[in-house]
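Here's the letter readout for the chains.
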Amino acid sequence: MIDDTEEDHEFGLEDDSGAVIAAVGRQIKLWREEAGLRAAELGSIIGYSENLVFKVEGGRRIPKPEFLDKTDDAVGANGKISAMKKDVEEARYPRKVRDLAKLEAEAIELGAYAGVVIHGLLQTEEYARALYAQRRPAYAEGDIERLVAARMARQVVFDRRPAPLLTFVQEEATLRRRTGGRMVLRRQLEHLLEMSQLRHVEIQVMPMEAEEHAGLGGSHRVLKLKDGKTVGHNEVQLISGLITDPRQVQILEMRYNLIRSQALTPRLSREFIEKLLGET
C-alpha cells in the first residue's frame with residue numbers, strides 16, 4: 001500500500017494550480033460517497049492509504065495518473081475521473097512555466113542571454129534543485145520538487161523535430177559560481193559541454209574581461225515563432241513578463257545579436273568551459 005510519506009504540495013506560486021487540484025479532489029470525494037465507500041475502503045481497493053485519499057480529496061496532494069485510473073474503476077465513474085489526468089498534469093506546473101513551455105513549443109528559434117545563473121533550459125536537475133533550495137523566503141519541499149520537475153519538463157524542446165535553433169550566451173560568472181557545491185557545478189559544466197555538441201544548439205560565453213557589452217541591462221530571451229512573430233521575455237526577481245510590443249521586441253533582438261557578436265565564439269566557448277571544468 002502506498003502511504004503519505006511524500007511532502008504535501010503547497011500552492012502559493014501565484015497560479016491557478018491550487019483551484020484545479022481542489023476541484024479534482026472534490027469530484028473524487030463526491031464519486032466515492034456516491035459509491036457508498038469510506039475513504040479507508042477506497043484506499044484499500046486502490047492500494048493507497050486512507051490518509052493519502054483524504055489529502056487528495058482535500059486538495060493537499062496532487063494525485064498521480066494511476067491514482068485517478070484506479071479510483072475511476074473503483075467508484076464506477078466510467079472514465080470521468082480518468083479524464084481529469086490532463087488537467088492534473090498541467091496543474092503540476094506553475095502557470096508561467098506552462099506559458100513558457102507553450103511558447104518554446106512554437107519557437108523555430110530561441111536565443112537567451114543569462115547573466116546571473118545557468119539558463120533554465122540548460123540546467124541539470126541537481127543545479128535547479130540547489131537554486132530553488134536557496135530561495136528566500138524558503139519554498140516548501142513539495143514546491144521545490146514541483147518547480148524542479150517543471151523546469152526539467154521544459155527541456156523537451158531539445159528533442160523537438162524539426163529541431164529549433166537554440167542559442168545561449170552565459171556570463172562567465174555563472175560558470176564559476178559553485179551553486180550546490182563543487183560536484184554539482186562539475187556536472188553542470190559537463191552537461192553544458194554535452195549540450196554544445198548538439199547540431200541545433202550553440203552555447204557562448206561572455207568573458208568577464210569584456211569591459212562592457214549589450215547584456216548589462218539584464219537577462220532576457222527572444223523567440224521567433226512558427227507564425228512569423230517574434231516575442232521577448234524578461235525575468236527579474238519577482239517579475240516575469242512576456243514582451244510583445246514590436247518596438248520593444250526589436251530592441252531586445254538587437255541587443256541579443258550584439259551580445260552574441262561580443263561573446264566568445266561557440267568553439268572558443270567550448271574550450272573555455274573545458275578549461276573551467278579542469279580547474280573545478
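Preceding block: the structure.
Residues numbered from 1 in each chain as written. Predicted model: local features only at pLDDT ≥ 70, side-chain atom pairs only at ≥ 80, totals over all residues. Heavy atoms only, no water.

Chemist: In this structure, what is going on with the packing of aromatic side chains? I would like to understand it.
Modeler: Two descriptors summarise a pair of aromatic rings, namely the distance from one centre to the other and the angle between the planes of the rings. Evaluation of the coordinates by the stated rule reveals 3 aromatic pairs. An angle of 75° between the planes, with centres 5.0 Å apart, marks the rings of Y48 and F67 as edge-to-face. Here Y48, found in the loop between α2 (39–46) and α3 (50–57), pairs with F67, found in helix α4 (residues 65–75); they are 19 residues apart in sequence, far enough to count as distant. Overall, the relative accessible area of 4% leaves Y48 in the buried class. (Phe/Tyr/Trp six-rings, centres within 6.5 Å; stacked < 30°, edge-to-face > 60°. Helix = DSSP H or I, 4+ residues; strand = E, 2+ residues; numbered from the N terminus. Buried < 20%, exposed > 50% of the residue type's maximum accessible area, 1.4 Å probe, protein only.)

Chemist: Just to check I follow, could you spell out the pairing of strand β1 (residues 107–114) for this structure?
Modeler: Note on strand geometry: in a regular strand, side chains alternate between the two faces of the sheet. Where burial is concerned, most of β1 is hidden: 6 out of the 8 residues are buried. Pairing geometry for β1 and strand β4 (residues 220–225), over 6 bridges, is antiparallel. Across the sheet, the residue bridging to L110 is L223, located in β4. (Pairing = 2+ DSSP bridges.)

Chemist: Is there a simple way to think about the nonpolar core in this case?
Modeler: In this structure, F158 and F168 are the most contacted members of the largest nonpolar core, which totals 30 residues. Looking at this core, the elements with two or more residues in it are β1, α7 (125–133), β2 (165–171), α10 (182–195), β3 (201–206), β4 and α12 (266–279). Counting residues per element, this core draws most heavily on α10, at 6 residues. Look past the residues within four positions of F168 in its chain and what remains in contact with it is L110, A112, H119, L121, L122, F158, V201, E202, I203, Q204 and Y256. Within the second largest apolar cluster, 20 residues are counted, among which are V24, I46, L52 and V53. (Core = buried A, V, L, I, M, F, W, Y, C linked by side-chain atoms within 4.5 Å. Contact = heavy atoms within 4.5 Å.)

Chemist: What is the right way to look at the pattern of salt bridges in this model?
Modeler: Oppositely charged side chains can pair when the atoms bearing their charge come close. This structure, assessed with the given rule, holds 16 salt bridges. In this structure, E57 and R32 form a salt bridge, with 2.6 Å as the shortest nitrogen-oxygen distance. Taken together, the residues E57 in helix α3 and R32 in helix α1 (residues 17–34) connect sequence positions 25 residues apart. The pair E57 / R32 is uniform in exposure class, with both members buried. Across the pair E104 and R154 runs a salt bridge, and its minimum N-O distance is 2.7 Å. Taken together, the residues span a long stretch of sequence, with E104 in helix α6 (residues 95–106) and R154 in the loop between α8 (141–153) and β2 at a distance of 50 residues. Neither residue differs from the other here; E104 and R154 are each classed as buried. What emerges from the salt-bridge pattern is a single network uniting E172, R176, K275 and E279. (Salt bridge = Lys/Arg side-chain N within 4 Å of Asp/Glu carboxyl O.)

Everything listed is a geometric property; what it means functionally is a separate question.
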